[in-house]
Amino acid sequence: GLRTRRRCRRRRAAMRPPGQHGLALAGAGSSSASQRRKKLKNRVESVCADCGNDVFIDDTASGDSICKECGLVREGHRVDERAEWRTFDEDKGSKERAGGPVNPLLDDGGLSNSTSIQLQPGLQHLARVQAMLKDPNKKLKQGFSVIGDMCGTLKLGNMVRDRACELYKDSMQHLKERKVHEACAACIYVACRIEKCPRTFKEITAASRDTHMVIIMRCFKTIVNKLGIQQSSLDTVKPSDYIDRFCSSLRMSKLGLRLAQHLAQLTSDKTNQAVWDGKSPISIAAGIIVLVSEVSREDAGLTIQTISSHTGASTSAIRSAWAVLEKEKAGLIPDWFKKEEDAKG
């Protein structure tokens, strides 16, 4: 065993040329010494240099290793080389990065691509190559982008945006002759009606680009008829649906807002619908605000022109609704409002 190994070493040393043996040993010794110096330089002490404690806390947010007793930072700004995703037993599926999220409204979830194309002579320019690629979801993606921008302008939630995207995909084949902005505006209007947060046609038109209100109305009728949307699913628009937004836009007082909400509930009652035949809920809500500004001292500065500019209703329609409210004024104003108004006066 040991003698045999020693004999082999002597034999190999004797076979080397003269002078090489010492150089090899010197080189081996210098390399091993440099490696030891590197290890000593990169080594981190396992005990604290101040208090001698051997318990350290790892701050994952800053990457610091801190002594538990005295708070000395032993090592700072370390790079966490572990996996980014945390693993839990109840989680299913892989946590690896795999591109953007899957969109169920797009073909193949929107993850398919056509980048595997053979470049031909004369078509080396990237723009020309990309122009050759045909994306089946191009028009859908364009419509979804327009809907997202319009919903952001109108401050609508994700439920309305997702509903509008579904309607746009289903009605796209029936609105081929319409522009993208016109079809998207009509889909948002229908989605707002379904999700019970209606917006006026004028508000939708103001948020869209290069569209007309009449065309949006025609697209709305096409969507309802072609997709077979029942009137029961479209919530009936009432003055109470607009009154809060209109009062907030006009910066009315709290007492005036409470009175406007009370009057809107009375006018939205189905038993009183015969009185409001032929009048738009928007003009009725605007007429309520005019009546409130007449009886409330804090909101007396509101004029019909100002209310018309904020609500979108014409001045003639507002005066017509206001005239009907004036006839029933004595029975519409509640006693609690009169008491609070007298207390302030």
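Heads up: the structure comes first, above all this text.
Residues numbered from 1 in each chain as written. Predicted model: local features only at pLDDT ≥ 70, side-chain atom pairs only at ≥ 80, totals over all residues. Heavy atoms only, no water.

### Examining the packing of aromatic side chains
Operational definition: Aromatic rings from Phe, Tyr and Trp, with only the six-membered ring used for Trp, were paired whenever their centres fell within 6.5 Å, and each pair was classed as stacked if the ring planes differed by under 30 degrees, edge-to-face if by over 60, and tilted otherwise. Each helix corresponds to a stretch of at least 4 residues labelled H or I by DSSP, and each strand to a stretch of at least 2 residues labelled E; elements are numbered beginning at the N terminus. Note on classification: 1.4 Å probe, protein chains only; a residue is buried when its accessible area is under 20% of the maximum for its type, exposed when over 50%, partly exposed between these limits.
For the structure shown, the criterion picks out 6 aromatic pairs. Look at Tyr189 and Phe220: their rings are 5.1 Å apart centre to centre, the planes differ by 85 degrees, and that puts the pair in the edge-to-face class. In this pair, Tyr189 sits in helix 6 (residues 180–194) while Phe220 sits in helix 8 (residues 213–226), placing the two residues 31 residues apart along the sequence. This pair shows no difference in class: Tyr189 is buried, exactly as Phe220 is. Judged by centre distance (6.3 Å) and plane angle (85 degrees), the rings of Trp336 and Phe337 are edge-to-face. The exposure class assigned to Phe337 is buried, which follows from its relative accessible area of 2%. Taken together, the ring pairs connect Tyr189, Phe201 and Phe220 into an aromatic cluster.

### Description of helix 12 (residues 304–311)
Selection criterion: Here, the arc refers to the directions that run from the helix axis to the C-beta atoms. Here a residue-residue contact requires only that any non-hydrogen atoms of the pair lie within 4.5 Å.
Within helix 12 the residues assigned to the buried category are Ile304, Ile307, Ser308 and Thr311. Across the axial projection of helix 12, the buried residues extend over an arc of 100 degrees, all falling on one side. Turning to helix 12, the residues buried within the fold contact helix 9 (240–250), helix 11 (281–295) and helix 13 (315–327). Just downstream of helix 12, Gly312 is the residue with a positive phi angle, here 85 degrees.

### With respect to the packing of helix 9 against helix 12
The condition that has to hold: To get an axis, a line is fitted to the C-alpha atoms, and for a helix only the part in contact is used. The angle between two axes follows their N-to-C directions and goes from 0 to 180 degrees. Put simply, angles under 35 degrees are roughly parallel, angles over 145 are roughly antiparallel, angles from 65 to 115 are roughly perpendicular, and the rest are oblique. Definitions for this section: a left-handed crossing has its near helix turned counterclockwise from the far helix by less than a right angle. A right-handed crossing has that turn clockwise.
Two elements in contact, helix 9 and helix 12, have axes whose closest approach is 10 Å; the angle formed by their N-to-C orientations is 120 degrees. By the angle between their axes, helix 9 is oblique relative to helix 12. In this structure, helix 9 meets helix 12 at a crossing whose hand is right-handed. Touching Phe246, Ser249 and Leu250 of helix 9 are Thr306, Ile307, His310 and Thr311, all from helix 12.

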